[in-house]
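Chains, contacts and geometry: an overview
Listed here are the chains, written in short residue letters.
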Amino acid sequence: MLSLNRISPLSVAIPALLAGTVLACNRSSSSATRTGTPADEHALAESAAVYEREGAMFRKTGETPNLQNPESARYDKDLDVWFVSNVNGLPSAKDNNGYISRLRPDGTPYNVKFIEGGKKGVTLNAPKGLAINGDTLWVADIDAARAFNKRTGAVIANVNIRGRAKFLNGLAVGPDGAVYMTDTGIIFGPKGEMSHPGPDQVFRVRANGDATVALTSPKLQGPNGITWDQREERFVIVSFAGKGIFGWKPGDKDVQTLGNGPGQQDGVVVLPDGRIVVTSWADSSLFVLQNGKTTTVARGVASPADIDLDPKDSRIAVPQLMANAVQFWEVP
């Protein structure tokens, strides 16, 4: 959470600037030509650094409670709604009780169980990553890719990847119209214990049932979030078992390291100006990667999962998997 009692950087910078102005206006000899001491210059530099850090921070604007293990949020500009996947239980349990919610742009519930496992021919066990391609809403569900009509909720396709995928997680539409899904390569034991046997891979999936491995790389270390970067014409993939943030262009044999975060990265989205926003479970934060440098922009966000941006409101939705809520943060 952001502190409402933090010291404004302007309260530090303005007195220092005024001090420099007074010195300049009261010069009476050549010895008074300098505008400040080294201490003044240090104070100005410090205040400028604080101003830069504070100016980069996101602002929390709202929260939607009473969800059930929300994992992914995806904004749809056509309908002006948020779709949110709800695991509703253990992330690897095939219990068919997962569901997809629809929220209004400000987070107000519109249809909490728009698509519900066990109803109307729907199978949803532990839905995670979401992606929208035209009128089709794609969902990553353990070892299956599921597709629904985003307007009606009707089932379009169930693509079985059982035996090849261990833990489908993040999801993004590629430039070829296919859906790319990360397989984090983890499994859960009978007592909930997690192991990471791998492989770390990305599947390419089409509604006709075709599912192929598009990328395998041990560098990914438990790939989680994935998004398409239109500016750079590449996917951005983040690691959950490691700290890496990677770029990958379809057809390339391996990934390119773009930077490193604090670890346990989950969601990722690329802003219109090229900044990459990532969530981290390691320190309950959102951070920005720009030119290889990371800057924390939101703190105190417990279990932050797969995120997306509503560009018209400059607002990012952050599902909190263990807190059963979705937070909304304004991007400066």
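Keep in mind that what you see is a predicted model, and the values were worked out from it rather than measured.

Counting buried residues along strand β3 (residues 81–86), six of its six residues qualify, which places the element largely inside the surrounding structure. Judged by which residues are buried, β3 turns out to be covered on both faces: Val 81, Phe 83 and Ser 85 on one side and Trp 82, Val 84 and Asn 86 on the other are all buried. Pairing of strand β2 (residues 70–76) with β3 involves six bridges; the strand directions are antiparallel. Each residue of the ladder has a partner; that of Tyr 75, found in β3, is Trp 82. Counting the residues in the hairpin turn of β2 and β3 gives four residues, including Asp 80, whose phi is positive at 55°. Bridge analysis of β3 against strand β4 (residues 99–103) gives five bridges, and the strand direction is antiparallel. Looking at β4, one finds that Ser 85 is bridged to Ile 100.

Turning our eyes to something else, we now look at the confidence of the model for the protein chain. In the predicted model, the protein chain carries a mean pLDDT of 88, and the fraction of residues at 70 or more is 84%. In this model, residues 1–34 is a region of pLDDT below 50 whose contacts with residues beyond four sequence positions or in other chains number 27 contacts. Low pLDDT, under 50, characterises residues 48–52; the predicted model gives this stretch three contacts beyond four residues in sequence or across chains.

A separate point is the environment of Ile 100. Relative to the helices and strands, Ile 100 resides in strand β4. Residues Ile 100 and Ala 73, 27 residues apart in the sequence, show an inter-C-alpha distance of 9.7 Å.

Another point: the sheet that holds strand β26 (residues 325–330). By way of backbone hydrogen bonds, the strands of a sheet pair with one another, either parallel or antiparallel. Reading across from one edge, β1-β26-β25-β24 is the order of the four strands in this open sheet, with antiparallel pairing throughout. Single-partner strands in this sheet number two, and they are β1 (59–64) and β24 (308–310). The mean angle between the axes of side-by-side strands here comes to 30°, regardless of whether they run parallel or antiparallel. As judged from the three bridges shared by β24 and strand β25 (residues 315–320), these two strands associate in the antiparallel manner. From the neighbouring strand, Leu 309 faces β25, where its bridge partner is Ile 316.

Reading the values: rules and limits
Residues numbered from 1 in each chain as written. Predicted model: local features only at pLDDT ≥ 70, side-chain atom pairs only at ≥ 80, totals over all residues. Heavy atoms only, no water. Buried < 20%, exposed > 50% of the residue type's maximum accessible area, 1.4 Å probe, protein only. Helix = DSSP H or I, 4+ residues; strand = E, 2+ residues; numbered from the N terminus. Pairing = 2+ DSSP bridges. pLDDT = per-residue confidence, 0-100. Contact = heavy atoms within 4.5 Å. Axes fitted to C-alpha atoms, helices over the stretch in contact; angles between N-to-C directions.

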